[in-house]
Amino acid sequence: MTRYLVGVDVGGTFTDCAVVDDQGEIHTAKALTTPVDQSVGVVDAIEAVAATLGVSLSNLLANTDRMVHGTTMGINAIVTRSGPPIGLIATKGHGEALFIMNGTGRTAGLSAQDVINYPETSLPIPIVEPGFVAEVTERVDREGKVVVPLDIDEAKAAVESLRARGARSIAVCFLWSFMNPANEREVKALIERADDIFVSASSDIAPKLGEYPRTATTVMNAYIGPAFTAYMKTLGARIAESGFGRDITYAQCNGGVMTPEIARSMPVRTLDSGPAVGVVGSAYLGGLMNYPNIICTDMGGTTFDVGLVANGRPVSREESILDRYQLHLPMIDVQSIGAGGGSIAWKDHAGGLRVGPASAGAVPGPACYGRGGDAATVTDADVVRGIIDPDNFLGGTMRLDAEAAHRAVGRIASSLGLGIHDAAAGITRIVDNQMADLVRRMSLYRGYDPRDFVVFAFGGAGPVHAGLYAQALGIHTVVVPLANVASVWSALGAACAEITFTVDRTQVLRSPFDPSQINAAFKAMEAEAHQGLARQGVPPTEHALRHSVFMKFTGQVFELEVDLPGGDLMPDLAEGLVGRFADAYEQRYGSGTAYRAAGVMITLLRVTAIGQGKRPTLRSRQGLENSVPAAATARPVYWAEAAALVDTPVYSGATLRPGHRLNGPAVVEYPHTTIALHPGHCAHVDEFGNVVIRLESKALQ
Amino acid sequence: MNAPDSVKHEEEWPFDGLRNGYLPRGDFVPPSCCPLHTQSTKPDAISFEVIRSNLWNINLEHGDTIKKASGSQTVIFANDFNTSLHLQNGESVVLGPSMLHFTGLADMAIRWTLEHRSVNPGIEDGDVFMHNDPWVGAAHQQDTSIYAPLFHEGRLFAWVLNACHARDIGGVEPGSFVPQAKDVFWESTPVPPIKLCKGGVMLQDVEEMFVRKSRLPHLCALELRSQVAGVMTARRRLQELIDRYGAAVVKGVMNKMIDDCAGAVEDRLSRLPDGTWRNVIYYTGAGPGDRVLRRQVLNMEKRGKRLRFDNAGTDAQALQTNLPPGTWRAHIVSVALGKLAYDQYLCAGGLIRVLDFAPIPGLRTSCSWPAAVTGSSNPGRSTAEQTNHLISKMLACDPDQSKYVWAAEGIHTMVSAAFHGRDLTGRNFAANAADMLAGATAALSFADGLPAAGRTVTPLSRTADVETWEREMAVLYLYRRRQRVSGHGKWVGGSALVSGFIGHGADYQFANNNTSASALPGGPGLFGGFPAPGGACFSGQASGLRQRLGDGFMPGNSRELREAVPHLRMVEVKEVRVPLGNDDVWETRFASGSGYGDPLLRDLDRIERDLRAGALDEDVATRLYGVVVSAGGVDRKASMGARQSMRAQRRAQGKSHSKVTEQTPYQGKAKDVLHALGEGLDLCRIGQGIHCVCRECGWVVAPATVNYKEHSLYVEQSLPEIDPLFVDPLSQSDETVICRSYLCPGCGTLFDSLLCRPQDGALWDVQLDLRSFEPGTSGDSGRPANP
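Residues numbered from 1 in each chain as written. Chains lettered and ligands numbered in written order. Predicted model: local features only at pLDDT ≥ 70, side-chain atom pairs only at ≥ 80, totals over all residues. Heavy atoms only, no water.

Student: Explain the overall build of chain A here, please?
Tutor: Secondary structure assignment for chain A yields 18 helices and 35 strands. The C-alpha radius of gyration computed for chain A amounts to 26 Å, which stays within 12% of the reference 27 Å derived for 701 residues, consistent with globular compactness. Across its three principal directions, the C-alpha atoms of chain A cover 80 × 65 × 55 Å. Put simply, chain A has 701 residues, and 61% of those count as buried. (Helix = DSSP H or I, 4+ residues; strand = E, 2+ residues; numbered from the N terminus. Rg over C-alpha atoms; globule rule 2.2 N^0.38 Å. Buried < 20%, exposed > 50% of the residue type's maximum accessible area, 1.4 Å probe, protein only.)

This is how it looks when you write it as structure tokens:
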């Protein structure tokens, strides 16, 4: 009997499903997202895949070994502030940390251009109403010593008062609780006695230095907790009814998955999990395809997202910003700018052409959508250039108004004194440069040379533009991965994700380090990691642990994670740690930056626990064609390289087979995207079905 | 360019960077030994946008490189640095978004270097220069500039520059702020522009000469190297851009950016009337124990499309809080950028082209050698607030530009304390718990200011977590809160933080108060809005609190700390070495943003919301906002009546500088309004004359040919009468300063509130040139203002 792995990704508009069978075949479908009860759309999407397989939903689910679910539910609740009233209990004197935001509330996450325009900036709407913060007498110091004992009566009164005011969810965040969680746990236990309240303690949710991001993370958890747990219950029941006998696992922003038990208490970890598992999927599948270094780019309607896979591992970060709140949420580092198909071209005060960051979004959308938008967008420019066929958009399911695109781009062109094609190519060039800048920042800034990477191009607009933003950075290869699957990549990534969590210990140690002290701490953490994996149902044979320490130079800010081999840390390695750290530091921050004279500190020990369960394989096709296929049709396309309309062959993606070779200029059309193959570029379809584009290494002109 | 009128008669240029701070003179001809690249091609619209965006990003990457390589808290948390990119002649093309005033200085360092270093030692490809000379262009000696020329085909094409605040650069106090300095010789010796790298290689002797000054030599070296890495990266990226597009095209884009910015600012200025705007602030505490009340004046004259600034009327330089003229200019530029050129990629060069500066040497804001300057932040902040005040009052004349009108933002008094000591593990530390940098923004013409929301002139500055500071210093925070009191008004200012500490885990520890006299707010309110308290530092030794913490008692705010430690005292201005042991407490209260408009015009719903949130005391609501509170809410009907009575009371009690006679309010038409004159007044053409008319009631206050304040009523109150959180000026100064509010004789609406001595006459703060209302002149746009 065929066995399956199922990945589902619930987005704002579509719910995507990817099913990988044990032959490595991938089957996909999309269904409309059902906002009131998202579990309906989830089942619809799985059912749609079952239909393509010719099996019943219950049959598919009965033969499914693992189902991974990614959702934007939490982030939507936060962005729209549709959560319930929540309470916050903080250390006396420090209940305002969430509002003070270290002074960053007006500017965090904004571009430098936006930050300098004071009248256009504001503070975010509070996640916790100011009247819902209670302060309790207690104080722990930096060593974890109790300086002021917890006033339990005050705590009781605080809980009662918050409850009486309608708080259904309470976050508890005390200073230095990650060094000594006793006071926080005592209050948590107090709240747990009232079983109608969802409780989040910061020492559980984000046990790290920094009370503001720790509080913000805990409060976000409290905010989305009640609705998320209710959804989990509904979804679990509906899927069980449909024939799935196991637990659904949930995608996390660190790229791993978690069991319902963990997801119920830490729903904050689902934030931004979609893009994260997309990168994890790229790392895993890229590994199968022999691409260890990947720049994952996703150009959709409003944003351009970039993530990185280096040496087979996704690059992650320890902090993130959500709606200007700074969070202690280790996540796969995916950064965005406002550059997408809907980005609007406009003429500035001095008569210059600009593109974005304002977007026409889906409604009214680009002018060519015919939904009332009349601003020229990147998609309109692509239509004017002839890259996008107005009669074959989204596989012909949506007809575009080419006239409207020409009118919109024409207006900008004439206001600038340009020809319409020059203006369209100009819009493209500007947006491609913006994207190249983000990729440059994501790679070079982290000490990676983009020329050592291939670009994976996802999203409806990614393969249209990737050729140019990759070329601008001297990158040689662009891959449109499993071209027909690229539009449900996050769902596929979810199917590839493993159970992953970290056990962290804040421990301030100064060099020279005592290995026995480090080993003792790691021993206890390993035990905790194994217990955690066991609790999530991972059999001991599938346990994998990774050890690392976070180190910094005394007096400096940046911490760096340094990997350690497993087992006991021998004295010579403890001595060598400083050298390893300094080397890693210089690799990341540049030669000469390691300031050894200041002394080195360890700030955190980490054990990453991984449940190495079953993962998909990819089917590789034998007997490659090695031929140039016949083009379906041809049409005039404006290529800036030729500065002219060139009659260009157009291929249907459905007809391409492994081994097929194409030479630019050419256009390849898929239902959800279009590949623009520029003059001078060539492409082939590899054994897995990826379209691999080879670029000349020349700078963007 | 920038030729000061007041010194034209002198044969020698006085602003030479030696006796007096440097200012570039207009007739500079670069020496032939250093040929400049001037070839420029006009870019097409697409290339312009692409290359402009690249230039902006190169400059950001320059900053990122410094952050990465230095890893310094000062750079990363406080953003106490900046980067910039310049034309061959030094004109600024792009500034970074960090400390804006750092790079408001940058063009001067480059110009000085061109003037003085072209021949000997010469300016060559691969060179890197450095300086930290306040008389050339640095706010104080800690702010070290590193800058490098880029050559193309043997010609000097451009410059890249950065400036970072070094943590210690010598002088008699750790951290290099020397509150007790009598002159610059108490402080770190400034280094004028010298060559740090030759042929791309650092000159070891020069580096060691500089690093040797520091108490933290290793950190100092690392910071220096990070700055060199920054200019190297930026220079390389710029070279790549030239390789890609050609030098002439890149230069064309740089020139066009400056031209476009100048054009945008000129356009904005051309829609405003000509005139002169003036501001006076009072200060004291120029050194420890100093109680002399002095004046700092800023005057701004607008003619057509140009603005000219001078400091005539400012008192002479004294003790430690002195500002070199270049830094004075830089603070003016940093504020003007955000109000007149906010959409121009921080292209300071274009802005500076339309500005003229005419400081008079030897004054507090244009000090001459050898004045002490490490306390320049105080006059610097005041200059920034004065500039904001003057430009706001000017922009208020055009309703289309009134969005960029705001009162003074927080931190105008620069309350700041540094903690030094050794903890129980034997580790030495020196840190400034920079909660000041959480900031507070000003009340806008259409919205309240934002609490703890940073500052507009250092947009990316921030503080760190309490836990981070506790890790760095031997203190335990008792509380860190937003203050309840900011500047009152129709729109209220954002409130800044107040932080309370007890020494914790200290072997020994002491605090240095770097603050000037904070009893005198450095930022005025606007159009009847009130100033905000200036903050202060407080100390209490042997508090007895250590014992009580263990017993479960913990003060959670300022009031509780004062109840627990009744002998808490205000720390003297510039007092150094105040003990902060394990039973000693300390509180720092920072200055909040000031208010905008008459408080009686504040929306009652907002007041009710503030009352319910506990952000406003009932007493203040009644006394300042004319609100009748009942059951914790606002009684609207009774409040309307109370507000009428308050207006009547103001008129009854109001004094005047000249006789005010009863009149029938003018029932004018919208078409008669030539310009707004702020929040409460319009300038109207009545018959043959132009008059200042109250917008609220139509009272014709005065002909526009005279100072309307002479013909208004005014009421005065002491600062503590506004709010008890104001420190009595007499506690720090020999003379007092009061808040005087000018109001309409017809309806009692406040037109403006200012800080002055009781004996001061009416400052003519807005003196419009009526000729600009004649048809065909630049100031008359023919655009009627909204009455």
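Student: I would appreciate a short explanation of the pairing of strand 3 (residues 128–131) of chain B in the present structure.
Tutor: Side-chain positions along a regular strand alternate between the two faces of the sheet. All names here are of chain B. Because side chains alternate across strand 3, one face comprises the buried residues V128 and M130, and the other comprises F129 and H131, equally buried. In terms of strand pairing, strand 3 meets strand 6 (residues 194–198) through three bridges, oriented antiparallel. Its bridge partner lying in strand 6, V128 is registered against C197. Pairing geometry for strand 3 and strand 4 (residues 143–152), over three bridges, is antiparallel. Bridging from a neighbouring strand, M130 pairs with I146 of strand 4. (Pairing = 2+ DSSP bridges.)

Student: Which parts of the structure should I look at to understand the side chain of R235 of chain B?
Tutor: Residues and elements named next belong to chain B. Relative to the helices and strands, R235 is located in helix 7 (residues 217–245). Of the side chains with opposite charge, D125 lies nearest to the buried R235, which makes no salt bridge, at 5.4 Å. Polar contacts involving the side chain of R235 include one to the main-chain carbonyl oxygen of D127, which spans 2.9 Å. For R235, the contacting residues outside a window of four places in its chain are G126, D127, V128, A148, P149, L150 and V160. (Lys, Arg positive; Asp, Glu negative; His and termini not counted. Salt bridge = Lys/Arg side-chain N within 4 Å of Asp/Glu carboxyl O. Polar contact = N/O pair within 3.5 Å; in protein donor to acceptor, adjacent residues only side chain to side chain. Contact = heavy atoms within 4.5 Å.)

Student: Can you help me understand the pattern of salt bridges in this one?
Tutor: Pairing is possible between side chains of opposite charge, provided their charged atoms come close. Residue and element names in this part refer to chain B. Per the counting criterion, the structure on display carries 92 salt bridges over all chains. Here E563 and R559 are joined by a salt bridge, their closest N and O atoms 3.3 Å apart. Note that E563 and R559 are positioned in helix 14 (residues 558–564) at a spacing of four residues, about one turn of the helix. Note on R559: relative accessible area 51%, which makes it exposed. The residue D765 makes a salt bridge to K709 at a minimum N-O spacing of 2.8 Å. Placement of D765 in the loop between strand 29 (750–756) and strand 30 (766–768) and of K709 in the loop between strand 26 (700–703) and strand 27 (713–718) is noted, with a sequence separation of 56 residues between them. Take D765 and K709: they sit in the same class, and that class is buried.

Student: What should I look at first to understand the state of the cysteines in this one?
Tutor: By definition, a disulfide links the sulfur atoms of two cysteine residues through a covalent bond. Residues and elements named next belong to chain B. The tally for this structure, following the rule as stated, stands at zero disulfides over all chains. Free cysteine C684: the closest other cysteine sulfur is in C692, separated by 8.9 Å. According to the relative accessible area criterion, C684 is buried, its value standing at 5%. The exposure class assigned to C692 is buried, which follows from its relative accessible area of 4%. (Disulfide = S-S within 2.5 Å.)

Student: Please explain empty space enclosed by the protein as it appears in this structure.
Tutor: It is the rolling of a water-molecule-sized probe over the atoms that shows where space remains empty. Residue and element names in this part refer to chain B. Enumeration over the complete set of coordinates arrives at 14 cavities of 30 Å³ or more. In this structure, the largest cavity encloses a volume near 120 Å³. V335, W406, E409, T456 and V457 are, among the 15 residues lining the largest cavity, the residues nearest its centre. Only helix 9 (325–340) and helix 11 (377–395) provide two or more residues apiece to the lining of the largest cavity. Partitioned by chemical class, the residues of the lining of the largest cavity number eight nonpolar, four polar and three charged. (1 Å grid on protein atoms, 1.4 Å probe; cavity = no way out; pocket = protein on both sides within 12 Å on 5 of 7 lines; lining within 4 Å. Points joined across faces, edges and corners; volume = space filled by probe spheres on them. Nonpolar A, V, L, I, M, F, W, Y, C, P; charged D, E, K, R; others polar.)

Student: How do you make sense of the interface of chain A and chain B when you look at a structure like this?
Tutor: For an interface, size is often stated in terms of accessible area lost upon the parts coming together. Residue-level contacts link 78 residues of chain A with 87 residues of chain B. Counting the surface lost from both chain A and chain B, the interface buries some 7100 Å², and carbon and sulfur atoms represent 55% of this. Summed over the three residues of chain A that lose the most area to chain B, namely I116, Y118 and R142 of chain A, the buried surface amounts to 10% of that side. Remark: the boundary between chain A and chain B carries ten salt bridges. A salt bridge links R214 of chain A to E467 of chain B, with the shortest nitrogen-to-oxygen separation between them at 2.7 Å. Taken together, the elements giving at least two residues each to the side of chain A that touches chain B come down to helix 4 (97–100), helix 5 (112–115), strand 8 (146–148), helix 9 (211–241), strand 22 (353–359), helix 14 (420–444) and helix 18 (571–589) of chain A. Tallying contributions element by element places helix 14 of chain A first for the side of chain A that touches chain B, with eight residues. (Buried area = accessible area lost by both parts, 1.4 Å probe.)

Student: What's the story with the nonpolar core in this structure? I'm lost.
Tutor: One broad trend across soluble globular proteins is that nonpolar side chains are buried collectively. By size, the foremost hydrophobic cluster in this structure holds 181 residues, and its most contacted members are F304 of chain A together with L55 of chain B. In this view, L55 of chain B contacts L85, V94, L238, L241, V253, M254 and M257 of chain B; residues no more than four positions away in its chain are not counted. Membership of the second largest hydrophobic core comes to 86 residues, among which are V503 of chain A together with V75, L219 and A438 of chain B. (Core = buried A, V, L, I, M, F, W, Y, C linked by side-chain atoms within 4.5 Å.)

Student: Sorry if this is basic, but what is going on with the sheet that holds strand 10 (residues 306–310) of chain B here?
Tutor: For sheets, the rule is that strands pair by backbone hydrogen bonds, running either parallel or antiparallel. All names here are of chain B. The mixed open sheet is built from five strands, whose spatial order is 11-10-9-8-30. Only two strands of the sheet have a single neighbouring strand rather than two, namely strand 11 (355–358) and strand 30. Geometrically, the sheet is characterised by an average inter-axis angle of 15° between neighbouring strands, direction not taken into account. Looking at chain direction, strand 9 (residues 294–303) and strand 10 are connected through five bridges and run antiparallel. Across the sheet, M300 pairs through a bridge with F309, a residue of strand 10. (Axes fitted to C-alpha atoms, helices over the stretch in contact; angles between N-to-C directions.)

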